[in-house]
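Commentary on secondary and tertiary structure
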Amino acid sequence: MAGTRRHGAGRGRPTLEEVAARAGVGRGTVSRVINGSPRVSDRTRTAVEQAVAELGYVPNRVARALAANRADAVALVIPEPETRLFAEPYFSDIIRGVGAELADTDLQLLLTLIRTPKERQRFAEYLSAHRVDGVLLVSVHADDPLPDLLERLEMPAVLSGRRSAHESVPYVDSDNTGGAQSAVEHLIGRGRTTVATITGPLDMYVAQCRLDGYRAAVRAAGREPEPELVASADFTEEGGRRAMRQLLEQRPHLDAVFAASDVMAAGARQVLRESGRRVPEDVAMVGFEDSAVARHMDPPLTSVRQATEEMGRAMVRVLLEEIEGPSERPAKRPQVVLPTQLVRRESL
C-alpha cells in the first residue's frame with residue numbers, strides 16, 4: 001500500500017511548514033498546538049493533530065526548548081559524599097521517586113553530587129548559565145549556601161526537608177517530630193525506663209526535629225530529658241557505632257535506644273551485640289525511615305516509616321508547578337509535609 005505511506009518515508013523529516021499547509025493554518029498556530037497553548041480552538045487543534053499524525057511529524061525538542069528559553073532538564077543535587085549516596089537507602093528511594101515522576105515528561109534528569117567548595121562554585125556557574133529549568137535539592141544543612149543562591153537566581157527549586165522552621169524555599173518534608181515522638185512513646189509504653197537517642201547531625205533541621213520529638217515523648221511521660229542519654233552522630237553506620245559506645249559509657253544500664261535513622265540503628269546494634277546486650281531483651285531499639293536496612297536486621301527493626309519515594313514524586317510535582325507557574329512569587333510558597341507511621345517488628 002505504497003500510496004498510504006506517511007509523508008517523508010522516502011524523504012527528509014516533515015517540517016512545521018508542511019504540517020501547517022496540511023492543516024490549513026499558520027506556522028504559529030501549529031507551534032501553539034504542539035506546545036500545549038490553550039489559545040487554540042478545539043477544531044483547529046484537532047486539524048493540526050491530524051496533520052501531525054498523517055505526516056509523522058516529530059517536534060524538534062531542541063528548537064522548542066530554545067524558543068521557549070527552556071533547557072528541558074532539571075538537576076537533582078545531593079551535597080554529600082558518594083559513600084553516603086550508595087550506603088543509605090534514603091537517597092536511592094528519593095532518586096527512584098524523582099525518576100518515576102519525571103518518566104512521563106520531556107525533562108532530562110541530571111544527578112549532581114557536590115562534595116567540595118570547588119564543586120559548589122562550578123555548579124553555581126552552571127546554574128547561572130540557566131542550563132537547567134529547576135533544581136531538586138536533597139540533604140540540606142543549615143549553612144548550605146545553595147538554597148539562597150537559587151533564590152537569587154530566581155531558579156525554581158524544591159528542597160527535600162528544610163533548613164529551619166522558617167524555610168523560604170518550597171519544600172517537601174516528613175513529620176519528623178511526630179514520627180520520633182511516636183517511636184519514643186512506644187518504647188516507654190512497653191515499659192522501658194531509660195530511653196536514649198542517637199541523633200543525626202544537629203546542623204540539619206531534620207535531626208533537630210527528631211530530637212525534639214524524643215524530648216517531647218520523654219516529658220509527656222513525666223520525665224526530664226537527660227543530656228547523658230543523647231549522643232549525636234551523622235546518619236552513617238559508623239556514626240551509629242560511635243554514638244552507641246558513647247551512650248554505653250555514659251549510661252551502661254540504658255534499656256532502649258531510638259536511632260534517628262535505620263542506618264545508625266544498624267551500627268548501634270553491632271556495638272550492643274559486641275558488648276553482650278541482647279535486643280530486645282536487654283535493650284529495645286527503634287529506628288527511623290523503615291528502609292530495607294530495618295527489615296533485614298537481626299532481629300528486624302521497629303521503625304518509623306516515612307514515604308521517601310513519595311517525597312521524591314511530590315518534589316517533582318511541586319517543581320513542575322514552580323517552573324510552569326506565574327513569574328510573580330506567591331505570598332506563601334509550597335510546603336508539603338507527609339505523615340509518618342510506626343511499623344512494629346521484633347526489636348520491640
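Just so you know, these numbers come straight off a predicted model, no measurement behind them.

In this section: the overall build of the protein chain. When its secondary structure is counted, the protein chain shows 14 helices and 12 strands. By residue count, 49% of the 348 residues in the protein chain fall in the buried class. In the protein chain, the proportion of contacts linking residues at least 24 apart, taken out of those at least 6 apart, comes to 71%.

Look at the link from V279 to P280: it is a cis peptide, with omega at 5°. Of note, P280 is situated in the loop between helix 12 (262-274) and strand 9 (284-289). Look at the link from D298 to P299: it is a cis peptide, with omega at -5°. Although it is not a glycine, E154 sits at a positive phi angle of roughly 55°. Within the secondary structure, E154 sits in the loop between helix 8 (146-152) and strand 4 (157-160). Notably, L348 is not glycine yet its phi reads approximately 160°, a positive angle.

Counted under the stated rule, the structure contains 1 cavity of 30 Å³ or more. Lining of the largest cavity is provided by 21 residues; of these, Y90, M204, V206, R210 and F235 occupy positions nearest its centre. Per-element accounting of the lining of the largest cavity gives the leading share, 3 residues, to helix 10 (residues 205-220). In the lining of the largest cavity, the residues fall into 9 nonpolar, 6 polar and 6 charged. Counting only domains with at least three residues in the lining of the largest cavity, you end up with domain 2 (73-174 + 309-338) and domain 3 (176-306).

Within the protein chain, residue pLDDT values average 88, and 90% of them lie at 70 or more. Confidence drops under a pLDDT of 50 for residues 1-10, and excluding neighbours within four residues, the segment shows 9 contacts in the predicted structure.

Attention now goes to the nonpolar core. Judged by nonpolar contacts, the single largest core of 48 residues is most densely connected at V184, L187, I198, Y214, M244, L254 and F258. Those elements that place two or more of their residues in this core are helix 9 (176-189), strand 6 (195-199), helix 10, strand 7 (230-232), helix 11 (237-250), strand 8 (256-259), helix 12 and strand 9. Beyond its immediate chain neighbours, meaning those up to four positions away, L187 contacts R192, V195, A256, V257, F258, A284, V286 and L348. Counting residues in each nonpolar core, the second largest holds 23 residues, with I78, Y90, L319 and I323 among its members.

Before going further, it helps to spend a moment on the sheet that holds strand 4. Within the open sheet, the 6 strands sit side by side as 2-1-3-4-5-11. Their pairing is parallel. Both edges of this open sheet fall to strand 2 (108-113) and strand 11 (335-338), since each of them pairs with a single strand only. Sheet twist, expressed as the average angle between the axes of neighbouring strands with direction ignored, equals 20°. As paired elements, strand 1 (residues 73-78) and strand 3 (residues 134-138) share 4 bridges and run parallel to each other. Across the sheet, residue L76 finds its bridge partner in strand 3, namely L136. Contacts between helix 14 (residues 308-324) and the sheet are confined to strand 1, strand 3, strand 4, strand 5 (171-174) and strand 11, with strand 3 contributing the most and set at about 150° to the helix.

This next bit is on the sheet that holds strand 9. Think of a sheet as strands paired side by side through backbone hydrogen bonds, with each pair either parallel or antiparallel. One open sheet accounts for 6 strands, arranged 7-6-8-9-10-12; its pairing is mixed. Taken across any chain shown, the strands that pair with only one partner, and hence form the sheet edges, are strand 7 and strand 12 (340-343). Strand after strand, the sheet turns through a mean of 15° between neighbouring axes, direction not considered. Bridge count between strand 8 and strand 9: 3 bridges; the pairing is parallel.

All right, on to the pairing of strand 3 then. With respect to burial, strand 3 is a largely interior element, 5 of its 5 residues being buried. Alternating residues of strand 3 divide into G134, L136 and V138 and V135 and L137, and every residue in both groups is buried.

Quick notes on the rules
- Residues numbered from 1 in each chain as written.
- Predicted model: local features only at pLDDT ≥ 70, side-chain atom pairs only at ≥ 80, totals over all residues.
- Heavy atoms only, no water.
- Helix = DSSP H or I, 4+ residues; strand = E, 2+ residues; numbered from the N terminus.
- Buried < 20%, exposed > 50% of the residue type's maximum accessible area, 1.4 Å probe, protein only.
- Contact = heavy atoms within 4.5 Å.
- 1 Å grid on protein atoms, 1.4 Å probe; cavity = no way out; pocket = protein on both sides within 12 Å on 5 of 7 lines; lining within 4 Å.
- Points joined across faces, edges and corners; volume = space filled by probe spheres on them.
- Nonpolar A, V, L, I, M, F, W, Y, C, P; charged D, E, K, R; others polar.
- Domains from an automatic or database assignment.
- pLDDT = per-residue confidence, 0-100.
- Core = buried A, V, L, I, M, F, W, Y, C linked by side-chain atoms within 4.5 Å.
- Pairing = 2+ DSSP bridges.
- Axes fitted to C-alpha atoms, helices over the stretch in contact; angles between N-to-C directions.

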